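Understanding the architecture of this molecule
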Amino acid sequence: MSSKKRVAIYGSSGSIGTQTLEVIKANHDLFEVEILTAHTNVDLLITQALEFNPNAVVIGDEKLYEKLKSALSNTNIKVFAGEKALEEVAEFDSYDIMIAAIVGFAGLKPTLKAIEKGKVIALANKETLVVAGDIVMKKALENRAPIIPVDSEHSAIFQCLVGEANNPIEKIILTASGGPFFGKKPNFLVNVKRDHALQHPNWSMGAKISIDSATLMNKGLEMIEAKWLFNLNPDQIDVVIHPQSVIHSMVQFEDGSIKAQMGYPDMKLPIQYALGFPERIKNNFPRFNFKKYPNLSFDEPDYKTFRNLGLAIDALQSGGNKACVLNAANEIAVWAFLKNRIGFLDITAVVEKTMEKITFIENPTLEEYFESDGEARNFAASMIKL
Ligand code: NAD
Ligand code: MG
């Protein structure tokens, strides 16, 4: 057996997926690619498969199976298609670590399968924890499946906690860049268009998370993600605007001491950390120079303008299926905004009305989470008249 870590990249065609492949390419003595999956970008999946020669590939959209199969017909790569295949391949014995980098609710089921097999999960797909964090964390514990965050803030907190196992957290401080509309007011936001909202000042990311960053929903989702990852109460999770994105997040301990993890904003760092954990891997990424950044600044979030953050805090405090409903409505609303079907501020209205409408369930089963997700999507879509 090879001593390299064998990696399954779920969502290999995306922003996190492609950056993961860059990290693997630079460290081919440590890692090998075992599984690649993409939803619709079959051309990129073919290119990646031919370059990295995985054991298996999955294309989410079944209509693209034939194209993928024939392009890889001269190889030994196993080819699969469809939602069910994503789950079945996640149960393969032949890999060690899953990079969970599918966007949205669609990432939940395959990640659960990997957890049930006791795999290491490098989790980028925050929606998995937002939707069903209690069940995901319980299953991870039962199956001894370590969950290592890839989201930069959570990676920062995870790194600050190394060596602190017996020291309780007083609180965590999640940093937020503020997104492209930091300082703007509703009279400006009402006219914001898709292309402007997609321009993030510090990070280059997939479309959905870019919009979530612009509305601050991303930070709300990250508060919920942090609650589950680090077993926190809502009042232990603070958010501070830090436009330079140099401090990736902080942990405050019971003696008042605060640890921060810092560096240039580059997702390859948390990806590499999760892949290599517990070891750090030497690289030649640019080093941060304090003298060139004399002013790191901090600010209070504008909860009045960016109301999504308040809605997410409501979901965080309420528990039950509230965050699942928030997430589903937000996925529909962001999709509609990306299609120019609704305005920027309508995203919040859709989420808020859906949260009011869907029946609250205090302790949902997994099936009830799926039902809540479906109901919330239908209600949100009916408001948008898709
Ligand atoms: P992306 O849109 O660039 O890529 C998404 C990937 O998911 C693609 O490979 C796509 O094929 C796949 N996918 C989409 N819908 C699917 C479906 N229904 N079924 C199966 N596969 C599907 O997104 P991204 O920016 O790489 O983000 C991925 C996840 O990582 C998100 O949950 C995001 O919140 C999280 N994340 C991303 C960043 C970042 O810098 N991009 C940072 C932190 C966290
Ligand atoms: Mg983040």
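Parameters at a glance
- Residues numbered from 1 in each chain as written.
- Chains lettered and ligands numbered in written order.
- Predicted model: local features only at pLDDT ≥ 70, side-chain atom pairs only at ≥ 80, totals over all residues.
- Heavy atoms only, no water.
- Near = heavy atom within 4 Å.
- Polar contact = N/O pair within 3.5 Å; in protein donor to acceptor, adjacent residues only side chain to side chain.
- Areas by Shrake-Rupley, 256 points an atom, 1.4 Å probe, with all protein chains shown as cover.
- Domains from an automatic or database assignment.
- Pairing = 2+ DSSP bridges.
- Helix = DSSP H or I, 4+ residues; strand = E, 2+ residues; numbered from the N terminus.
- Axes fitted to C-alpha atoms, helices over the stretch in contact; angles between N-to-C directions.
- Contact = heavy atoms within 4.5 Å.
- Buried area = accessible area lost by both parts, 1.4 Å probe.
- Salt bridge = Lys/Arg side-chain N within 4 Å of Asp/Glu carboxyl O.

Turning our attention to the site of ligand 1. For ligand 1, the set of nearby residues contains 22 residues, the closest of which are Ser13, Ser15, His39, Glu127 and Gly206. Contacts to ligand 1 include serine 13, whose side-chain N or O atom sits 2.7 Å from an oxygen atom. Between ligand 1 and the protein, one listed contact pairs an oxygen atom with a backbone N or O atom of glycine 14 at 3.1 Å. Across the complex, the protein chains shield 86% of the 820 Å² of accessible surface that ligand 1 would expose by itself. Mapped onto the domain boundaries, the shell around ligand 1 takes at least three residues apiece from domain 1 (5-149) and domain 2 (154-318).

What follows concerns the sheet that holds strand E7 (residues 147-149). Strand order in this open sheet of seven strands is E4-E3-E2-E1-E5-E6-E7, and the pairing throughout is parallel. The open sheet has two edge strands with one neighbour each: strand E4 (78-81) and E7. Recorded for the sheet is a direction-independent mean angle of 20° between the axes of neighbouring strands. The sheet contact formed by strand E2 (residues 31-38) and strand E3 (residues 56-59) spans four bridges and is parallel. What sits directly across from leucine 36, in E3, is valine 57. Seen against the sheet, helix H1 (residues 15-26) touches strand E1 (5-10), E2 and strand E5 (97-100) and runs at an angle of roughly 160° to E1.

Structurally, the chain comprises domain 1 (5-149) and domain 2 (154-318). Distance between the C-alpha centres of domain 1 and domain 2: 25 Å. Contact with domain 1, which involves 26 residues of that partner, is made by 26 residues of domain 2. Here domain 1 and domain 2 share an interface that buries about 2300 Å² over both sides, 73% of which is from carbon and sulfur atoms. On the domain 1 side of the interface with domain 2, the three residues burying the most area are Lys126, Ile148 and Pro149, jointly 28% of the side's total. Taken together, domain 1 and domain 2 are joined by three salt bridges. At the surface where domain 1 touches domain 2, the tally comes to six residue pairs in polar contact (both at pLDDT 80 or more).

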